[in-house]
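This is what each chain is made of:
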Amino acid sequence: MDATLPSILSDWFAARGWAPRRHQLEMLAAGRRGEHALLVAPTGAGKTLAGFLPSLAELIEAPADGLHTLYISPLKALAVDVQRNLLAPIEEMGIPIRVETRTGDTPWDRKVRQRARPPQILLTTPESLSLLLSYEDSLTMFAGLRTVVIDEVHAFATGKRGDLLALALARLQRFAPGLRRVALSATVADPDGYRAWLAPHGDIGSVTLVEGEKGAEPNIAILLPEDKVPWAGHSGVYAIPQVMAEIETHGTTIVFCNTRGLAELVFQQLWKVNELKLPIGVHHGSLSLEARRRAEQAMADGRLRALVATASLDLGVDWGNVDCVIQMGAPKGSSRLLQRIGRANHRLDEPSEAVLVPGNRFEYLEARAALDAVEHGELDPDVFRPGALDVLAQHVMACACAAPFDAGELLREIRAALPYSALPDETFDAILGFIADGGYALRAYDKFKRLTLGRDGLWRVTTPAFVAQHRLNAGIIVEAPMLEVRFRNGRRLGKVEENFAAALSPGDTFFFAGLALEVERVDTTDLIVRATSRTARIPSYMGARLAITANLADRVRRFLHDREQWRRFPADVREWLEMQARRSAIPAPGQLLVETFPHEGRHHMVIYSFEGWNAHQSLGMLITRRMEALGLKPLGFVANDYALAVYGLEKIADPRPLFSPDILEHEFVEWVQGSALLKRAFREVAIIGGLVERQHPGRKKTGRQVTFSTDLIYDVLRKYEPDHLLLRAAWADARARMTDVGRLGHLLDTAAGTMLHIDLPRVSPMAVPVLIMIGRENVAQGVTEDALLMEAEDIAAEAMRLD
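We now turn to the structure provided with this report. Bear in mind that the values here come from a model prediction, so they are computed numbers and not experimental data.

### Let's talk about the overall build of the chain
When helices and strands are tallied, the chain shows 30 helices and 27 strands. For the chain, the residues scored as buried account for 59% of the 803 residues in total.

Structural data, given as structure tokens:
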């Protein structure tokens, strides 16, 4: 193989005392052979440089103007970080290569200039690439493209953003047939699945797999409280003083939280115990661009001792001075945990140091399971599924904005993308029909007539106004309706969800961007605030909740069943499980334990299925509906990742009839169709599919206006065209993503054959965490945390009594 570095590059390596790693040279050789490649290598192994090496070598040996390499990342922050880290060596080597970023944050004048005179290397996101492909000059811009590098491919290949990118790659390949595709990742359980996704026409054999050397084993510890592991909660806030001690004894720490609300809470709690006044920042996706950039730059410069962050920093950002990662609450998956751990000591030969802070006893078991999974190299599997139809509709409209197209030619191009390789002719015709006139029920309205079929047999955009509308509204990420948070002087802090803002009145206070803020007024699109020293609450967000992966859930089940493992647990966790075994039962792997018992004048049923929060939420809705039909008078339910508790006025003598699989055909369909769930899913697919616009030139619709528009269309389609393309897409989304229907179906299919029902005289030890959640839901506003803790201790004492 020809893996010889140009002398400029080899001299640059030597000047630093470095030598290129084996996988970097293998990537260079694959590039010189013109092969597509997937690189799987640990964090800190120089993956990004490996992806760029063939491009740098080509541009050094044969300098050329025009766009040579397109780099695509899932995060804007990652694109900016890579630009910073790539520019330094290019400048040090003195080679005339321009590197620029193009994201939603790029100024308009630079975007225009990039299309007229693109840099040799352009760093962008899937959405920005899709927009570039909607311009008339896209063929000219991309005709000479040689390489596409996709970083952190695992983060989006299996979702809608991956569908959009797969379609864009198929288009780029038609513009530039010699184009090479490269993908990079640290955490891939199924390399062949990603090779097929990356390859033109899914031809797995055309993609070379390059695997990096294994890095140093991570050093991971579970932080235990000075007292007992809590019965309930998921934040790990009890450990804040210990977390602060970790920050004080390390150079730079990233504290990861699973939600934006928790990040704000943890930041505030850390400041309360930050006696040394160490510089600490906060970073999450709802903060303003300026606030995020300030935090990122401060970390890059080594000016922060800690940064509290969410998944906004899960991926790739390379801050070499980070020497510790802390995960607040359970990690929810071994792959995600590995990604986060990799942010510490971002070098292959040094062990990453990480601390897990479980929020409760079940989370302790989950943390232990995650550690074992990481130790055994077990990653969470990725599920590839057929491409989404709303994404395809957006892509077809983008193609039409660039130039008139022949339907047959475009369909052949689309089928070269693996997610759409089996797209039926009639589905593609339905997509064209939907963009052309909205479909049967909407045909009378001109505002939905976006495409016209000409006499020449080509489809073209009906009027230029639809082109502008597409470019203004294109995108795959549909956030909940948001309001801008800003000071009276105009300084923006970020965004909070409209539902949270709607509950605020002037004088109310809340924490955001690390500040305590008082509401001055609530406008249609803005929340005007001022800083305050009064106590405040944390904003709530409706973002998708991370559920424990099936892999980790299976490991937790095995822990429970294998008593040899219990000796590894803290004494209070061991005592909890021993008492559960004595008073009730420990479920075996594959067994569904269902407990029934009275508590405080109500009858409770607790189901230990370990299928994750989303599936349990759906099951709770379905079971309470069925209980109502059977006259069992349910009052409500609560769920966590491990169990579901349903409570009511009548005793459940036999739970089996509540779990029959036909619940998915009857109650489930009725519930989803009658709930806000399907409307919310429809709102998303209507926006992605271009049926409803979020923005008009010069103004942006409020969340309420968008919701009103989509609800109106939804009701019309449900009545007059129930098999409309977008209703089908919304139904698929609601089933798969919002309810985790696969895990729910598995639970119901196996329930009858695996159920162990135990009727108890009172609450069991394993039921305590979920019962405390009922207490939290029902308490009056203003009840102190102390009162809740006292109640939790009372329930725990009752459960742990021997008699």
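### What about the pairing of strand E4 (residues 121-124)?
Regular strands have side chains that alternate between both faces of the sheet. Residues of E4 alternate between two faces, with Ile-121 and Leu-123 on one and Leu-122 and Thr-124 on the opposite face, all of them buried. Inspection of the sheet shows strand E3 (residues 99-102) paired to E4 by four bridges, in the parallel sense. Bridge assignment links Thr-101 to a residue of E4, and that residue is Leu-123. Handedness of the crossover joining E3 and E4 through helix H5 (residues 108-116): right-handed.

### Considerations on the nonpolar core
Nonpolar side chains in soluble globular proteins tend to end up buried together. Ranked by internal contacts, the top residues of the largest apolar core, which has 88 residues, are Leu-70, Phe-142, Ile-150, Val-396, Leu-451, Phe-682 and Leu-691. Phe-610, Ile-758, Val-768 and Met-800 belong to the second largest nonpolar core, which has 65 residues in total.

### Describing the sheet that holds strand E21 (residues 592-599)
Overall, mixed pairing links the five strands, which are arranged E23-E24-E22-E21-E27 in an open sheet. Among the strands making up the open sheet, the edge pair consists of strand E23 (634-639) and strand E27 (755-759). Averaged over all pairs of adjacent strands, the angle between strand axes in this sheet comes to 15 degrees, irrespective of strand direction. Pairing of E23 with strand E24 (residues 644-648), which is carried by five bridges, proceeds in the antiparallel orientation. Paired with Val-638 across the two strands is Ala-645, which belongs to E24.

### Quick notes on the side chain of Gln-120
Along the chain, the position of Gln-120 falls in the loop between H5 and E4. The class of Gln-120 is buried, set by a relative accessible area of 7%. A polar atom in the side chain of Gln-120 sits 3.2 Å from the backbone oxygen of Ala-64. For Gln-120, the residues in contact, after removing those within four places along its chain, are Leu-59, Ala-64, Asp-65, Gly-66, Leu-67, His-68, Thr-69, Pro-96, Ile-97 and Arg-98.

### Regarding unusual backbone geometry
For residues that are not glycine, phi is negative in most cases, and the peptide bond is trans in most cases. The phi dihedral of Glu-152 falls on the positive side, at around 50 degrees, and the residue is not glycine. You can see Glu-152 is positioned in the loop between strand E5 (147-150) and helix H8 (160-175). The class of Glu-152 is buried, set by a relative accessible area of 3%. A positive phi angle, close to 55 degrees, is found at Phe-610, a residue other than glycine. Its location among the elements puts Phe-610 in the loop between strand E22 (602-608) and helix H23 (613-629).

### What to know about helix H16 (residues 407-415)
Turning to H16, its buried residues are Ala-407, Leu-410, Leu-411, Glu-413 and Ile-414. Angular distribution of buried residues about the axis of H16 spans 160 degrees; they occupy a single face of the element. Where H16 is buried, its residues touch H8, helix H15 (389-402), helix H17 (425-437) and strand E15 (459-461). The N-cap residue of H16 is Asp-406: its side-chain oxygen and the backbone nitrogen of Gly-408 are 3.1 Å apart.

### Brief notes about the environment of Gly-162
Mapping Gly-162 onto the fold places it in helix H8. Under the relative-accessibility criterion, Gly-162 is labelled buried at 0%. Taking the C-alpha atoms as reference points, Gly-162 and Pro-74, 88 residues apart in sequence, are found 9.6 Å from one another. Residue contacts for Gly-162: discarding those within four places in its chain leaves Phe-156, Ala-157 and Trp-197.

### Description of the packing of H16 against H17
As a packed pair, H16 and H17 sit with axes 11 Å apart at the nearest point and diverge in direction by 115 degrees. By crossing handedness, the relation of H16 to H17 is classed as right-handed. Taken together, the residues of H17 that come into contact with H16 (itself represented by Ala-407, Leu-410, Leu-411, Ile-414 and Arg-415) are Asp-425, Phe-428 and Leu-432. Considered class by class, the residues forming the contact of H16 with H17 number six nonpolar, no polar and two charged.

### A look at the packing of helix H10 (residues 240-249) against helix H11 (residues 260-272)
Following both chains from N to C, one finds H10 and H11 inclined at 75 degrees, their axes separated by 9 Å at the closest point. Classified by the interaxial angle, the pair formed by H10 and H11 is roughly perpendicular. Here H10 contributes Ile-240, Val-243, Met-244 and Ile-247 to the contact with H11, which in turn contributes Val-266, Gln-269 and Leu-270. Grouping the amino acids of the contact of H10 with H11 by side-chain chemistry returns six nonpolar, one polar and no charged.

### Remarks on the environment of Val-148
As for its placement among the helices and strands, Val-148 is situated in strand E5. Classification of Val-148 as buried rests on a relative accessible area of 0%. Dropping the residues within four chain positions of it, Val-148 is found in contact with Leu-70, Ile-72, Leu-169, Leu-172, Leu-179, Arg-180, Arg-181 and Val-182.

### Quick notes on the pattern of salt bridges
Counted according to the given criterion, the structure contains 36 salt bridges. A salt bridge links Arg-33 to Glu-35; the shortest N-O distance between them is 2.8 Å. For Arg-33, a relative accessible area of 45% corresponds to the partly exposed category. Residue class for Glu-35 comes out partly exposed when judged on its relative accessible area of 24%.

### What about helix H22 (residues 571-583)?
In this model, H22 (13 residues) spans 18 Å end to end at C-alpha, consistent with the 18 Å of a helix rising 1.5 Å per residue. Turning to H22, its buried residues number three or more, namely Asp-572, Val-573, Trp-576, Leu-577, Met-579, Gln-580 and Arg-583. On an axial view of H22, the arc spanned by its buried residues comes to 160 degrees, and they lie on one face.

### Considerations on the sheet that holds strand E10 (residues 280-283)
Sheets are built from strands paired through backbone hydrogen bonds, the pairs being either parallel or antiparallel. Ordered by their spatial adjacency, six strands build an open sheet running E8-E13-E12-E9-E11-E10, and the pairing between neighbours is parallel. The open sheet is flanked by strand E8 (219-222) and E10, the only strands paired with a single partner. Ignoring strand direction, the axes of neighbouring strands in this sheet form an average angle of 20 degrees. Where E8 meets strand E13 (residues 353-357), four bridges bridge the pair, whose relative direction is parallel. From the neighbouring strand, Ile-220 faces E13, where its bridge partner is Ala-354.

### Considerations on the packing of aromatic side chains
As enumerated under the stated definition, the model contains 13 aromatic pairs in all. Centroid distance Tyr-194 to Phe-384: 5.0 Å. Interplanar angle 75 degrees. Geometry classified as edge-to-face. Of the two residues, Tyr-194 is situated in helix H9 (residues 191-198) and Phe-384 in the loop between helix H14 (361-375) and H15; the sequence distance between them amounts to 190 residues. Given a relative accessible area of 1%, Tyr-194 falls into the buried group. Its relative accessible area of 28% is what places Phe-384 among the partly exposed residues. Taken together, a centroid distance of 5.8 Å and an interplanar angle of 80 degrees make the contact between Tyr-364 and Phe-569 edge-to-face. One end of the pair, Tyr-364, is in helix H14; the other, Phe-569, is in the loop between helix H21 (563-566) and H22, with 205 residues separating them in the sequence. In textbook terms, an aromatic cluster arises when at least three aromatic residues are bridged by ring pairs, as seen for Phe-362, Trp-576, Phe-610 and Tyr-642. If you follow Arg-450 out to its NZ or CZ, it ends over the ring of Phe-434, 5.4 Å from the centre.

### Details of the side chain of Gln-173
For Gln-173, the location among the structural elements is in helix H8. Of the residues examined, Gln-173 reaches a relative accessible area of 14% and is grouped as buried.

Rules of the game
Residues numbered from 1 in each chain as written. Predicted model: local features only at pLDDT ≥ 70, side-chain atom pairs only at ≥ 80, totals over all residues. Heavy atoms only, no water. Helix = DSSP H or I, 4+ residues; strand = E, 2+ residues; numbered from the N terminus. Buried < 20%, exposed > 50% of the residue type's maximum accessible area, 1.4 Å probe, protein only. Pairing = 2+ DSSP bridges. Right-handed = clockwise from strand over helix to strand, strands pointing away. Core = buried A, V, L, I, M, F, W, Y, C linked by side-chain atoms within 4.5 Å. Axes fitted to C-alpha atoms, helices over the stretch in contact; angles between N-to-C directions. Polar contact = N/O pair within 3.5 Å; in protein donor to acceptor, adjacent residues only side chain to side chain. Contact = heavy atoms within 4.5 Å. Arc of directions from axis to C-beta. Left-handed = near helix turned anticlockwise from the far one by under 90°. Nonpolar A, V, L, I, M, F, W, Y, C, P; charged D, E, K, R; others polar. Parallel < 35°, antiparallel > 145°, perpendicular 65-115°, else oblique. Salt bridge = Lys/Arg side-chain N within 4 Å of Asp/Glu carboxyl O. Expected span 1.5 Å × (residues − 1). Phe/Tyr/Trp six-rings, centres within 6.5 Å; stacked < 30°, edge-to-face > 60°. Lys NZ or Arg CZ within 6 Å of the ring centre and 35° of its normal.

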